[in-house]
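Take a look at the letters that make up each chain.
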Amino acid sequence: MKKRLIITFLTLLAMDLSAQRSWWMGNDSVLQQNAVVLDLEGEAMYRSNGIDREMLNKLAFGGYISPELAERQEERVEDLMRFGGRYRGSLGFIVMADSVFGNQQWGWQGRVSANAHMEAAIPSGLYHLLFKGNADRLDQTVHIDQTWVDYMAYQKLGFGLVHKPTLSGFTISAVNGERFDRLSVLEGGLYTSALGDSISLSYNGTYSRSDTAVRGFGSGLGIGVALDGQLNIPLNENRGVVSIILHDIGFIAWNEASERFEADSLFSFTGVALDDIIDDDGDGLPSFRDSLYYTHAVARMTRWLPGRIQARLMHRISERDFFEADMTFRPVNVFDPQIRMGYYVYLNEHCMMGANATFGGYGKLRFGIAYEQWMANRLFMAVNLGDVYGQFSRQGLGMFAALRITYLIRNQNDQ
Amino acid sequence: MNLKAFKSIYFFALLVILVSACRREEPTVWDIQVASPLAEGRITWSDLIADSLRETDENGVMHLIYQSDFFDVDMDTLIRLDDTTIVNSFTPGFNGGPLNVPAGFSLIELEENITLGISNAEIREVRINAGTLRYTLTSYVEGPLSVAYHLPGVLFPDGTNLQLLAETEAGSIEIPYTLQGEEDLSGVSIDLQGVNGSSFNRIASMLNVAISSSAGGTVPVYGNDSVTVELTFEDVVISYGRGYFGNQETTVETLVDFSPFIASVGSIELEELSLSAAITNTLGADLRITIDEFSGLANGTSTTLSHELIGQPINLTRALDNGNGSLEVSSFEVVIDESNSNIATLVGSIPSEIAVNASVDLNPLGDISGGNDFIYTDQAFEASLALDIPLCLSSAGLWLQDSLSIAPFQSELNVEPTLTFIITNGFPLAVEALDATFHSILGESFQLVTNMNIASGNYFSIDALTPSEQQHVQVLSHNNLELMRQGGYIELTMALSSYNGEIVKMNGNEYIDLQLLLNGAIELSYE
């Protein structure tokens, strides 16, 4: 019940990161007329080409995963099951009233945020082993090549500049690394003999992680730098804007207590020796960890942040409507280039709504709706359901929830 | 409700839900179907019978060799000195008194034998490995004495005799003077022929009690004043004895453990075997041994050995002592096989015990050595048997019973497995009606395998045997698996039959391979 309530409320507040369409496409310049823009934002999303919300809820919050539920996920994916998710909470500001080195066209901006990002590529064979077992894969090798799981949590504190007329700008942030985990299997497979009397596991891959002795928010296990920026190029005659947006372009240097496990080996098992069981001095069942060969190193490591690049075109059709074309790139196999197309219309000068279709990223085609509202030229609210079906159906393959509150502080002359 | 109020309530509610809803309330649980090997092993002869009990002959046939003593003669009954205390009290030899006796005057002079009981034998000499002689000298004379107590028959390794020399102080009837001491008897030899050298079990002693020169004057002595000498032999271990051990007839009843095999019912037909019995007489005395009965006991049924040896006396002449423990012994050996007895039938009944009843007659002709029987206690009398069973046998329905202990094991898997037993039988013996019952240390039990049959390997000759393979499927419930995790033992009963009931020969390379496979649902979970 609580989950449904949070979904309901968040749907009313869900907001795409690239909202504020009306900031650029609106007919007024309310932002530029104010002294300071304060911005409080929270966002959480997940997307998959195979894992639906019911499955995710049970994995995240507990519960019994029935065979039918596990089967339903597997039927959606033929080769590679992809999953991505992130959450972010941030507080930022833009100083419109000030200038930069005397240039009134420029202002200062800053932001502090807490971030976590996770993505995974699970071969269908591995998924089958994890959730259905190997009993129906006798005399077969189940491949687990190209398995990839990556998780990173970090905090950022940044300052930058903003070009007031176009709202273009950049922020350079100091990054505090909280935690990272990365599993990569280049090649691997599990073979079960026809009788089930032997199993062989081949594995070639790495697992890296940050220091496990220290955990928690702000643990300070690494330090890095990140660049966020947005370049808005207005089209002629106020027809629209082309934007290039950079998110989290940077890296973290993790401390000397970071660990890396590397393995390239073959493990075969034909059963515990009977003497170990039928014996007063028996050792019982073996610990398989002792049988898996791997190397272990402790050293500093550098990891790229989960950055992405976004290119967007918003073009007016008439005075009251415009279309949007958006592409997002992230240089990993698990993330396909994401394309979004949308149509938006102004209901009045303060209120805009529209619909969009998105394909790619971590998942498949989904349809969303958007609504933005200015209130008394002081408060801005934006709602965007990135996946309407996914928001309300247990079989939805993604969710997108965000809250954005933007408050404008007036110029002193206007008070 | 105006927009402002609505938004306030909206955001407040959102905050509450965000804080309270995102919480993991229970573990994530799911089931998978697993096919995996569980255990494997090979059972060979080494697992069934110790290597020391097996040999292979020139024809490649494996033999079971079982050796054991089948009766013993208790040496302790022939010569043993228990802890013994001898108290002798000596008086001046007159009545009344007091007589004032001057210093230096000899009050008591006495030479006599001390009787030392060493079993029922007539012992003339013993040598002692270890032991202690404690002595206590008590004087009731009211004056100092010089006491010399000499045991000339007790000879120490350095060649000296035992002498107790003491200068006592004045004592009284009420408060006697007491002197105590001890001597180590290790390496001591004792002549037990007494003062005249022709007795037995007698130690010669010489006592001289005189008024001590330190008395200074006379000492009043009464007729009932006495000097008491107490000798205590403790923890005496005799290494050698000589004398006449007497004519004794002893009955010996022995049970020989024969439990490499524990059989319930049935028998095997053995093609050939032999039983060797050897008796060695290391005593310096004649023995006549009669084996009255030799039988095998199997499940309450007795099979008696029939052989010409049974009931017939075996005469063993005495050993000869060449000195320093070097002996010329006399021996008796006999080989009992299927040509002269029913030993194959007796052993074929798979007895759990062999009962031997014998009578032992010591010195049946009396004292023909003139009292010179001897014994070295560290050279034991030997009576052993060795059973040689070549594994050429046939069997039809031989029931065996055994148990296998299962150590406790840890496993976090939640599983209800189907167990598949894959058995490769490389023995030319078929197993029928195999039952396995698991008994946990908690006292509960369940049936693990019921009425399982394992076909014999295909036997063509001793060097040509094709193993047979079969499978048995058993479902193990979660509760039963939990019991097994606690540890316990598996009780096995089975019937063995040789290939087609024929005679089969084994070369020691036979084996049984066992694989245990798991196929079932496993519950996985994480918190």
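Residues numbered from 1 in each chain as written. Chains lettered and ligands numbered in written order. Predicted model: local features only at pLDDT ≥ 70, side-chain atom pairs only at ≥ 80, totals over all residues. Heavy atoms only, no water.

1. Concerning the overall build of chain B
Using the following cut-off: Counting from the N terminus, the helices are DSSP H or I runs at least four residues long and the strands are E runs at least two residues long. Remark: exposure states derive from per-residue accessible area (1.4 Å probe, protein chains only) relative to the maximum for the residue type, with buried under 20%, exposed over 50%, and partly exposed in between. Computed with the Shrake-Rupley method and a 1.4 Å probe, the accessible areas treat only the protein chains shown as cover for residues.
Helix and strand content of chain B: five helices and 37 strands. By residue count, 48% of the 527 residues in chain B fall in the buried class. For chain B, the accessible surface area stands at approximately 25,000 Å², while carbon and sulfur atoms represent 48% of it.

2. Observations concerning the sheet that holds strand β23 (residues 330-337) of chain B
All names here are of chain B. Test applied: Two strands make a pair as long as DSSP finds a minimum of two bridges between them. The axes are straight lines fitted to the C-alpha atoms, using for helices just the contacting stretch, and the angles between their N-to-C directions are given from 0 to 180°.
Pairing is antiparallel across the open sheet formed by five strands, whose spatial order is β2-β3-β26-β17-β23. One side of each edge strand has no neighbouring strand; the edge strands of this open sheet are β2 (54-56) and β23. Direction aside, the axes of adjacent strands within the sheet are offset by 20 degrees on average. Note that β2 and strand β3 (residues 62-69) share three bridges and pair antiparallel. Bridge assignment links Arg54 to a residue of β3, and that residue is Leu64.

3. Topic: the environment of Met96 of chain A
Residues and elements named next belong to chain A. When you line up the elements, Met96 lands in the loop between β3 (80-95) and β4 (106-123). Here Met96 falls in the buried class, since its relative accessible area comes to 5%. Remark: the alpha-carbon pair of Met96 and Ala35, spanning 61 residues in sequence, is separated by 4.8 Å.

4. Things to note about a negative patch on the surface
What counts is decided by this rule: Patches here are clusters of residues that have more than 30% relative accessible area and form no salt bridge, with a 9 Å joining cutoff for like charges and a 5 Å cutoff for nonpolar side chains (Val, Leu, Ile, Met, Phe, Trp, Tyr). A pairing counts as a salt bridge when a side-chain nitrogen of Lys or Arg comes within 4 Å of a carboxyl oxygen of Asp or Glu. Charged residues are defined narrowly, with Lys and Arg counted positive, Asp and Glu counted negative, and His plus the chain ends left uncounted. The atoms used to mark charge sites are NZ of Lys, CZ of Arg, CG of Asp and CD of Glu.
The grouping of Glu269, Glu271, Glu272 and Glu338 of chain B at the surface amounts to a negative patch. Mapped onto the elements of the fold, Glu272 of chain B is located in the loop between β16 (268-270) and β17 (274-281).

5. Here's the deal with the pairing of strand β8 (residues 145-155) of chain B
Residue and element names in this part refer to chain B. Within β8, eight of the 11 residues are buried, which leaves the element mostly enclosed by the surrounding structure. Here six bridges tie β8 to strand β12 (residues 202-211), and the two strands are oriented antiparallel to one another. Each bridged residue has a counterpart across the sheet, and for Tyr149 the counterpart in β12 is Leu207. In this sheet, strand β9 (residues 161-167) lies alongside β8 in antiparallel orientation, the contact comprising seven bridges.

6. Things to note about the pattern of salt bridges
Residues and elements named next belong to chain A. Overall, the coordinates contain 34 salt bridges over all chains when judged by the stated rule. Across the salt bridge formed by Arg404 and Asp39, the nearest N and O atoms sit 2.6 Å from each other. Taken as a pair, Arg404 in strand β21 (residues 398-410) and Asp39 in strand β1 (residues 34-48) lie far apart in primary sequence, 365 residues in all. Residue Asp39 is classed as buried on the basis of its relative accessible area, which comes to 3%. For Glu119, the salt bridge is made with Arg330, and the minimal N-O distance between the two is 2.4 Å. Taken together, the residues Glu119 in strand β4 and Arg330 in the loop between β16 (321-329) and β17 (336-348) connect sequence positions 211 residues apart. Both residues of the pair, Glu119 and Arg330, count as buried.

7. Some thoughts on the pairing of strand β15 (residues 308-316) of chain A
Residues and elements named next belong to chain A. Of the two faces of β15, only one is covered, namely that formed by Arg308, Gln310, Arg312, Met314 and Arg316; the face formed by Ile309, Ala311, Leu313 and His315 stays uncovered. The sheet contact formed by β15 and β16 spans eight bridges and is antiparallel. If you follow Ile309 over to β16, its bridge partner there is Phe329. Between β15 and β16, which pair antiparallel in sequence order, lie four residues.

8. Structural notes on the packing of aromatic side chains
Residues and elements named next belong to chain A. We apply this condition: The pairing test for Phe, Tyr and Trp rings, Trp by its six-membered ring, is centres within 6.5 Å, and the orientation test on the planes gives stacked under 30 degrees, edge-to-face over 60, and tilted for anything in between.
For the structure shown, the criterion picks out 19 aromatic pairs over all chains. Relative to Tyr344, the ring of Phe322 lies with its centre 5.2 Å away and its plane at 25 degrees, an arrangement referred to as stacked. Here Phe322 is found in strand β16, whereas its partner Tyr344 is found in strand β17, with 22 residues between them in sequence. Residue class for Phe322 comes out buried when judged on its relative accessible area of 0%. Tyr344 sits in the buried class, given a relative accessible area of 0%.

9. Notes on helix α3 (residues 53-61) of chain A
Residues and elements named next belong to chain A. Selection rule: Residues adjacent in sequence count toward polar contacts only when both atoms are side-chain atoms; beyond that, a polar contact is any pair of N or O atoms within 3.5 Å, and within protein one must be able to donate a hydrogen and the other to accept it.
By the burial criterion, the buried members of α3 are Arg53, Glu54, Met55 and Leu56. Structurally, the start of α3 carries an N-cap: the backbone nitrogen of Glu54 is 3.3 Å from a side-chain oxygen of Asp52. Looking one or two places after α3, you find Gly62, whose phi comes out positive at around 100 degrees.

10. Regarding the confidence of the model for chain A
Residues and elements named next belong to chain A. Here is the rule: For every residue, the predictor reports its confidence as pLDDT, a number between 0 and 100. Contacts are assigned to residue pairs with any non-hydrogen atoms lying within 4.5 Å of each other.
Looking at chain A as a whole, the pLDDT averages 85, with 87% of positions reaching at least 70. Taken together, the stretch residues 1-19 has pLDDT below 50 and engages in 67 contacts with residues farther than four places along the chain or on a different chain. In the model, residues 279-283 has pLDDT below 50 throughout and makes six contacts with residues more than four positions away in sequence or in other chains.

11. Focus on the side chain of Asn115 of chain A
Residue and element names in this part refer to chain A. With respect to the element layout, Asn115 can be found in strand β4. Since its relative accessible area comes to 3%, Asn115 is described here as buried. Separated by 3.0 Å, the side chains of Asn115 and Ser113 make a polar contact. Discounting residues that sit within four places of it in the chain, Asn115 has contacts with Tyr87, Arg88, Met152, Ala153, Tyr154, Gln155 and Lys156.

12. Some words on the packing of helix α4 (residues 67-76) of chain A against helix α5 (residues 124-131) of chain A
Residue and element names in this part refer to chain A. In plain terms, the rule: When an angle is under 35 degrees it counts as roughly parallel; over 145 it counts as roughly antiparallel; between 65 and 115 it counts as roughly perpendicular; any other value is oblique.
Between α4 and α5, the least distance of the axes is 11 Å, while the angle of their chain directions is 175 degrees. Between α4 and α5, the angle falls in the class roughly antiparallel. Along its contact with α4, which presents Ala70, Gln73 and Glu74, the element α5 presents Ser124, Tyr127, His128 and Phe131.

13. What to know about the packing of α3 of chain A against α4 of chain A
Residues and elements named next belong to chain A. Note the threshold: Here a crossing is called left-handed whenever its near helix is offset anticlockwise from the far helix by less than a right angle, and right-handed whenever the offset is clockwise. When residues are grouped by polarity, Ala, Val, Leu, Ile, Met, Phe, Trp, Tyr, Cys and Pro land in nonpolar, Asp, Glu, Lys and Arg in charged, and all others, Gly among them, in polar.
Packing of α3 against α4 brings their axes to within 10 Å, and their N-to-C directions diverge by 125 degrees. With respect to α4, the axis of α3 lies oblique. The hand of the α3/α4 crossing is left-handed. Of α4, the residues touching α3 (which contributes Glu54, Met55 and Lys58) are Leu69, Arg72 and Gln73. Among the residues making up the contact of α3 with α4, the classes are represented as two nonpolar, one polar and three charged.

14. As for the side chain of Thr147 of chain A
Residue and element names in this part refer to chain A. Locating Thr147 in the fold gives a position in strand β6 (residues 147-163). Given a relative accessible area of 3%, Thr147 falls into the buried group. Within the local environment of Thr147, its side chain forms a polar contact with the backbone oxygen of Ile144, the two atoms lying 2.7 Å apart. With near-sequence residues (within four places) excluded, Thr147 lies in contact with Ala121, Ile122, Pro123, Leu126, Leu183, Ser184 and Val185.

15. Some thoughts on the sheet that holds strand β31 (residues 445-454) of chain B
Residue and element names in this part refer to chain B. Sheet architecture is open: four strands sit in the order β28-β35-β30-β31, paired in antiparallel fashion. Edge positions in the sheet fall to β28 (398-406) and β31, since each of these pairs with one other strand and no more. Between one strand axis and the next, the sheet turns through 15 degrees on average, direction left out of account. Note: strand β30 (residues 429-440) against β31, six bridges, orientation antiparallel. In the strand pairing of β31, Phe438 is matched with Phe446. Packed onto the sheet, helix α5 (residues 478-486) meets β30, β31 and β35 (488-498) and runs at close to 100 degrees relative to β31.

16. Things to note about unusual backbone geometry
A positive phi is found at Gln146 of chain A, a non-glycine position, where the angle reads about 65 degrees. Assignment of secondary structure puts Gln146 of chain A in the loop between β5 (140-143) and β6. One non-glycine residue, Asp235 of chain B, adopts positive backbone phi at about 50 degrees. Mapped onto the fold, Asp235 of chain B is located in strand β14 (residues 227-244).

17. Quick word on α5 of chain B
Among the residues of α5 of chain B, Asn480, Leu481, Leu483, Met484 and Arg485 of chain B are the ones counted as buried. Note on α5 of chain B: the residue one or two positions beyond its end, Gly487 of chain B, has a positive phi of about 95 degrees.

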